[in-house]
Amino acid sequence: MTAFELGVVGGPWARRLAPRRAWIDELPWDEQLPEDTGPARVMWTRTAFNEYASAAAFAEVAAHLLAAGAPIDLVAAAGDFVVDEIVHAEAAARLATALGGAVALEVDLEKLVRPPVAGSPLVRAAELIVRVSCVGEALTVPILKLSRDVAGSPLVSTALARIVADESAHAQLGGWFLDWADGQLDDDARAHLGRVAGRALRDLAPVPSEGCRAGLGLVDCARYDPVFAAAATRHVARPLGERGIVVPAADLAAVGAAA
Ligand SMILES: [Fe+2]
Ligand SMILES: [Fe+2]
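Note that the structure is a prediction, hence the values are computed from the model and not measured.

Reading the values: rules and limits
Residues numbered from 1 in each chain as written. Chains lettered and ligands numbered in written order. Predicted model: local features only at pLDDT ≥ 70, side-chain atom pairs only at ≥ 80, totals over all residues. Heavy atoms only, no water. Donors = N, O, S within 2.8 Å, 3.2 Å for Na, K, Ca; no water. Tetrahedral: all angles 85-135°; square planar, octahedral: opposite > 155°, others 65-115°. Helix = DSSP H or I, 4+ residues; strand = E, 2+ residues; numbered from the N terminus. 1 Å grid on protein atoms, 1.4 Å probe; cavity = no way out; pocket = protein on both sides within 12 Å on 5 of 7 lines; lining within 4 Å. Points joined across faces, edges and corners; volume = space filled by probe spheres on them. Nonpolar A, V, L, I, M, F, W, Y, C, P; charged D, E, K, R; others polar. Salt bridge = Lys/Arg side-chain N within 4 Å of Asp/Glu carboxyl O. Buried < 20%, exposed > 50% of the residue type's maximum accessible area, 1.4 Å probe, protein only. Axes fitted to C-alpha atoms, helices over the stretch in contact; angles between N-to-C directions. Parallel < 35°, antiparallel > 145°, perpendicular 65-115°, else oblique. Left-handed = near helix turned anticlockwise from the far one by under 90°. Contact = heavy atoms within 4.5 Å. Phe/Tyr/Trp six-rings, centres within 6.5 Å; stacked < 30°, edge-to-face > 60°.

**Student:** It is not clear to me how the coordination of the iron ion (ligand 1) should be interpreted in this structure. Could you clarify?
**Tutor:** Note on the iron ion (ligand 1): its protein donors are E51 (OE), E85 (OE), H88 (ND1) and E167 (OE). The metal-donor distances range over 2.0 to 2.2 Å. Bound by 4 donor atoms, the iron ion (ligand 1) shows angles of 86 to 140° at the metal and therefore irregular coordination geometry. On the primary sequence, the residues serving as donors to the iron ion (ligand 1) are separated as E-x33-E-x2-H-x78-E. The iron ion (ligand 2) is placed at 3.4 Å from the iron ion (ligand 1), the two being bridged by E85. With E51 in helix α2 (residues 38-67) and H88 in helix α3 (residues 72-98), this pair connects stretches of sequence that are 37 residues apart.

**Student:** Even after reading the chapter, I still don't get the layout of surface pockets, so can you show me in this structure?
**Tutor:** If you roll a probe as big as a water molecule over the atoms, it shows you where there is empty space left. Considering only enclosed or pocket space, the largest pocket measures out at about 1,900 Å³ in volume. Along the walls of the largest pocket sit 48 residues, with T47, N50, T140, L204 and Y224 positioned nearest its centre. Contributing elements (two or more residues each) for the lining of the largest pocket: α2, α4 (121-149), α5 (154-181), α6 (187-204) and α7 (221-241). Ranked by residues supplied to the lining of the largest pocket, first place goes to α2 with 13 residues. A class-by-class count of the residues in the lining of the largest pocket yields 28 nonpolar, 8 polar and 12 charged. Counted as a void, the second largest pocket has a volume near 360 Å³.

**Student:** Would you take a moment to explain unusual backbone geometry for this structure?
**Tutor:** With a phi close to 60°, L216 is a non-glycine residue in the positive phi region. Counting through the fold element by element, L216 comes out in the loop between α6 and α7.

**Student:** So what exactly am I meant to see when it comes to the pattern of salt bridges here?
**Tutor:** As enumerated under the stated definition, the model contains 15 salt bridges in all. With a closest N to O distance of 2.8 Å, R20 and D80 form a salt bridge. With R20 in helix α1 (residues 12-25) and D80 in helix α3, this residue pair connects regions lying 60 residues apart in the sequence. Assessed through its relative accessible area of 29%, R20 is described here as partly exposed. Salt-bridge contacts for R243 lead to D179; the nearest nitrogen and oxygen are separated by 2.8 Å. Of this pair, R243 sits in the loop between α7 and α8 (249-254) while D179 sits in helix α5; the two residues are 64 residues apart in sequence, bridging distant segments of the chain. Each of R21, D25, E90 and R94 takes part in salt bridges that share partners, so that together they form one network.

**Student:** How do you make sense of the coordination of the iron ion (ligand 2) when you look at a structure like this?
**Tutor:** Angles at a metal have ideal values that depend on geometry: 109.5 degrees with four tetrahedral donors, 90 or 180 degrees with six octahedral donors. Coordination of the iron ion (ligand 2) by the protein is provided by E85 (OE), E137 (OE), E137 (OE), E167 (OE) and H170 (ND1), with metal-donor distances spanning 1.9 to 2.3 Å. Written as a sequence motif, the donor residues of the iron ion (ligand 2) are E-x51-E-x29-E-x2-H. The exposure class of E85 is buried, given its relative accessible area of 0%. E167 sits in the buried class, given a relative accessible area of 2%.

**Student:** Explain the packing of α3 against α5 here, please?
**Tutor:** Following both chains from N to C, one finds α3 and α5 inclined at 155°, their axes separated by 10 Å at the closest point. Considered as vectors, α3 and α5 are oriented roughly antiparallel to each other. The two elements α3 and α5 meet at a crossing, and its hand is left-handed. Only L155, V156, A159, I163, D166, E167, A169, H170, L173, W176 and F177 of α5 make contact with α3, whose side of the interface consists of L74, A77, A78, F81, D84, E85, H88, L95 and A98. Considered class by class, the residues forming the contact of α3 with α5 number 14 nonpolar, 2 polar and 4 charged.

**Student:** What am I meant to see in the packing of aromatic side chains here?
**Tutor:** In this description, a pair of aromatic rings is defined by centroid distance and the angle of the planes. The tally for this structure, following the rule as stated, stands at 5 aromatic pairs. Ring geometry for F58 against F81: centres 5.2 Å apart, planes inclined by 80°, an arrangement best described as edge-to-face. Linking F58 in helix α2 with F81 in helix α3, this pair joins segments that are 23 residues apart in sequence. By relative accessible area, which is 0% here, F58 ends up buried. By relative accessible area, F81 is classed as buried at 8%. Taken together, a centroid distance of 6.3 Å and an interplanar angle of 20° make the contact between Y224 and F228 stacked. Taken as a pair, Y224 and F228 lie in helix α7 at a separation of 4 residues, close to a single helical turn.

Structural data, given as structure tokens:
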């Protein structure tokens, strides 16, 4: 385990990244924020790490798409999404700082992404992209929109609006890959991918959290849970089902979602 922190070396590498992260500097940082920001500081610190982990996930997706011989525009998009997620990580870290400072977080950087287990390169790529794009990113979009709507802060809601615009594209990549791979996925592969999606849903399901406050990026449980359940049905199970990948009913029921 290691203390989570973000650093830059600057020089040509900062100039290369500058156009992608310029929106962060344009956020209304001079906003007067409330004094009691403890839970939001914790949440934005964790969000910075989750975005960092999303960067690792898309780096793995890109590598597996290359190994599967996927279309190069899909590979390029996955590689490009690494940059999006790195920028999101910086934005989240800056928000934690603005709210009073990031909290200490011990993380394991060697376990950012669970390796896929399928036998063929194509199904391994599909496994990763189902987990990362078709489930993770697809659920993130409606949750972030809710978070944006209840933020109660122009700084936080503007940042969330910018992030969610990127996440929408991240959520679409999976469907495009599955449509390309359609003729190469047999029944066993589809059943495997359905189970992968079901497990990913359970892994991401809401857990009772302390306080369940709303605002500054936090969402109260009473609003979060139904949005998550509806998104699991509408944005995960349904699009996968249309592609012959059935999320097990038990997994959907476990997260309160309809089949
Ligand atoms: Fe992100
Ligand atoms: Fe994302």
